[in-house]
Structures are given as C-alpha cells and as structure tokens.
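# Close look at the chain arrangement
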Amino acid sequence: MKAGTVTDSNLPPLQPMPADWQRALAVVAHPDDLEYGCSAAVASWIQDGREIAYVLATRGEAGIDTLAPAESGPLREKEERASAAAVGVRVVEFLDHRDGTIEYGISLRRDIAAAIRRHRPELVITLNHHATWGSGTWNTPDHVAVGRAVLDAAADAGNRWIFPELAEQELAPWNGVRWVAVANSPNPTHAVRADRGLEQAVLSLLEHRAYIETLTDEDPEAYVRRFLTDSTSAHSGRFGGKPAVVFELFGR
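The rules behind these values
Residues numbered from 1 in each chain as written. Predicted model: local features only at pLDDT ≥ 70, side-chain atom pairs only at ≥ 80, totals over all residues. Heavy atoms only, no water. Salt bridge = Lys/Arg side-chain N within 4 Å of Asp/Glu carboxyl O. Helix = DSSP H or I, 4+ residues; strand = E, 2+ residues; numbered from the N terminus. Buried < 20%, exposed > 50% of the residue type's maximum accessible area, 1.4 Å probe, protein only. Phe/Tyr/Trp six-rings, centres within 6.5 Å; stacked < 30°, edge-to-face > 60°. Pairing = 2+ DSSP bridges. Axes fitted to C-alpha atoms, helices over the stretch in contact; angles between N-to-C directions. Parallel < 35°, antiparallel > 145°, perpendicular 65-115°, else oblique. Left-handed = near helix turned anticlockwise from the far one by under 90°. Contact = heavy atoms within 4.5 Å. Nonpolar A, V, L, I, M, F, W, Y, C, P; charged D, E, K, R; others polar. pLDDT = per-residue confidence, 0-100.

Once that is clear, we can look at the pattern of salt bridges. Throughout the structure, instances matching the rule amount to 14 salt bridges. Its salt-bridge partner being R110, residue E165 comes within 2.7 Å of it at the nearest N-O pair. Taken together, the residues E165 in helix α6 (residues 165–168) and R110 in helix α4 (residues 106–119) connect sequence positions 55 residues apart. Overall, E165 belongs to the partly exposed group, its relative accessible area being 26%. The exposure class of R110 is partly exposed, given its relative accessible area of 27%. In this structure, E218 engages R226 in a salt bridge whose closest nitrogen and oxygen atoms are separated by 2.8 Å. The structure contains a network of salt bridges with shared partners spanning R59, E77, R81 and D96.

See the structure below:
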C-alpha cells in the first residue's frame, strides 16, 4: 500500500488523540496497511502499557505480481506476524476474505463485529475509507470496503439484534467502542507523536521485505526510513512541529 500525503500548515491544529483507554483493535485489509499507516503510534501506545490486537481481512495473497497467491499468502502472513511483533503486538488474526475483491456487505460487517466482540476494544483503528488519499490519488476498493465496514461494525457489535447468531458463538454484544480512528485519512483531525515509536516502525515495515522489493529498486531500509520520515513529517506544521501519525477520529 502506497499513499501520498498533502501538507497544509494553514489548516487547524491537529488535536492529541484521546489517552483514556486501555484496549484497541486495528482492522485493515492487507498485511503492510498498518506498517505504512500507523505503526509508530501503535509502538508508542504499547510502550505505555496499552493492549492492541490486529485483524486483517485478507492475507495479501494478490499483492505480489511475481508470486502466485498460494505462495504469496503464507509468505505475507509470516511477514505480517513478524512486523506486528516488532512493535509489540502479539495477537494477529486473519478473516480470509479474498485479496483484491473484498466486498462491502453483511458478511464483512459480521466478521468485523465478531472481532470487536471478541477483543472488546475502546478504540478501533482502521485505514482510509475515502475514495482518495490526501494527494488525490485514487484509493483501492479493498481499503474503502474495509474502512467503511469497520465504521459500521463498531455500532453493529453493540446491538444484540444485529447478527444475533454471534451470541450463539458466545460473543456477547460489546457497546464499549468509544472512538474509531482512521489512519492515512485525507481529512485528519488528531495526531500522535511519532518520534517515540519511529525506530520500531522502521523495523516493522522492513519485515515486509518480499513485498517492498517488488515496489522499488532502492535499498529496502533506505526506502522504509525515507517513506516513514516523510509521512510522519508531512503534518508536523499542524502538530507543534513534531513528527506525527495522523488520524481522522470519529466518536461514538
């Protein structure tokens, strides 16, 4: 996942992300979405003693042109588990929707609502669900479908009459989601300082070496460090001059 970012220091200042929470759940479409999006924030939150789990809709099996899905899927799953461990995340789950053809709908909402009921987070994190990135570059259907479904499933998880079959699986309703934070949104409202977690974020993204090597001829570490330095600096003018991971925050 590659995304451009627009800097505009004339916009209102970004607000600090809420700090009065203990558990978060990150739900995205592909391996590498969080590593390109917000792993520096995840690393700093885990340093503070918070609990964060990852749920991925796919195994990223269609993401490497030179590898067939049967080979790519297990490789990218392995890379994702290693990249999560690099920032301190121990729980990584896969929903096994098909990479590249995720459909927004009841099945996706149910799977995400079930994950929210399992993990019972106060904060849910996802990736940009808007049609474009901040640069005006077109977003992918997978990101749009998953991001939109996460916003809906955060409410679905707390309604006992939506997906009542989940209760039969001993997944009781969870109405404790207080916020959904959308990383890499073109309309950020909040931010987290990136400097504390940046080195872990570099190591985390570097774990996606097989994927990165298909994107660039540049040395992988140089590419990763440049990308994360640029992306976390892009909105620093709206956050006291500090490198930042930015989110569009929705309260519930």
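Time to look at the packing of aromatic side chains. On inspection of all chains with the given rule, the structure shows 4 aromatic pairs. Ring centres of Y36 and F227 lie 4.9 Å apart, and the angle between their planes is 85 degrees; this geometry places the pair in the edge-to-face category. With a gap of 191 residues between them, Y36 in helix α1 (residues 33–37) and F227 in helix α9 (residues 220–233) connect regions that are remote in the sequence. When its relative accessible area of 2% is taken as the criterion, Y36 is described as buried. By relative accessible area, which is 13% here, F227 ends up buried.

Take the pairing of strand β7 (residues 190–193) next. Strand residues, when the strand is regular, have side chains that alternate between the two faces of the sheet. When strand β1 (residues 15–16) meets β7, the two strands line up parallel, connected through 2 bridges. Bridge pairing in β7 links P16 to A191. Summarising the sheet, β7 and strand β8 (residues 244–251) pair through 4 bridges and their orientation is antiparallel. The partner of V192 across the bridge, within β8, is V245.

With that out of the way, let us pick up the packing of helix α7 (residues 198–206) against α9. Between α7 and α9, the least distance of the axes is 9 Å, while the angle of their chain directions is 130 degrees. Considered as vectors, α7 and α9 are oriented oblique to each other. Viewed along their axes, α7 and α9 form a crossing whose handedness is right-handed. Taking contact as the criterion, the partners of L198, E199, A201, V202, L205 and L206 in α7 are, on α9, P220, E221, V224, R225, L228 and T232. Its residues assigned to classes, the contact of α7 with α9 shows 8 nonpolar, 1 polar and 3 charged.

Burial analysis of strand β5 (residues 123–127) places 5 of its 5 residues in the buried class, the great majority of the element. Every second residue of β5 is oriented toward a common face, with L123, I125 and L127 on one face and V124 and T126 on the other, all of them buried. The sheet contact formed by β5 and strand β6 (residues 179–183) spans 5 bridges and is parallel. Paired with L123 across the strands is W179, a residue of β6.

For the protein, mean pLDDT is 95; residues scoring 70 or higher make up 96% of the total. A low-confidence stretch, residues 1–7 (pLDDT under 50), is modelled with 25 contacts involving residues beyond four sequence positions or located in other chains.

What follows deals with the side chain of T126. The topology assignment puts T126 in strand β5. The exposure class of T126 is buried, given its relative accessible area of 1%. Non-local contacts of T126, meaning those with residues more than four positions away in its chain, are made with V27, V28, V146, G147, V150, V180, A181, V182 and A183.

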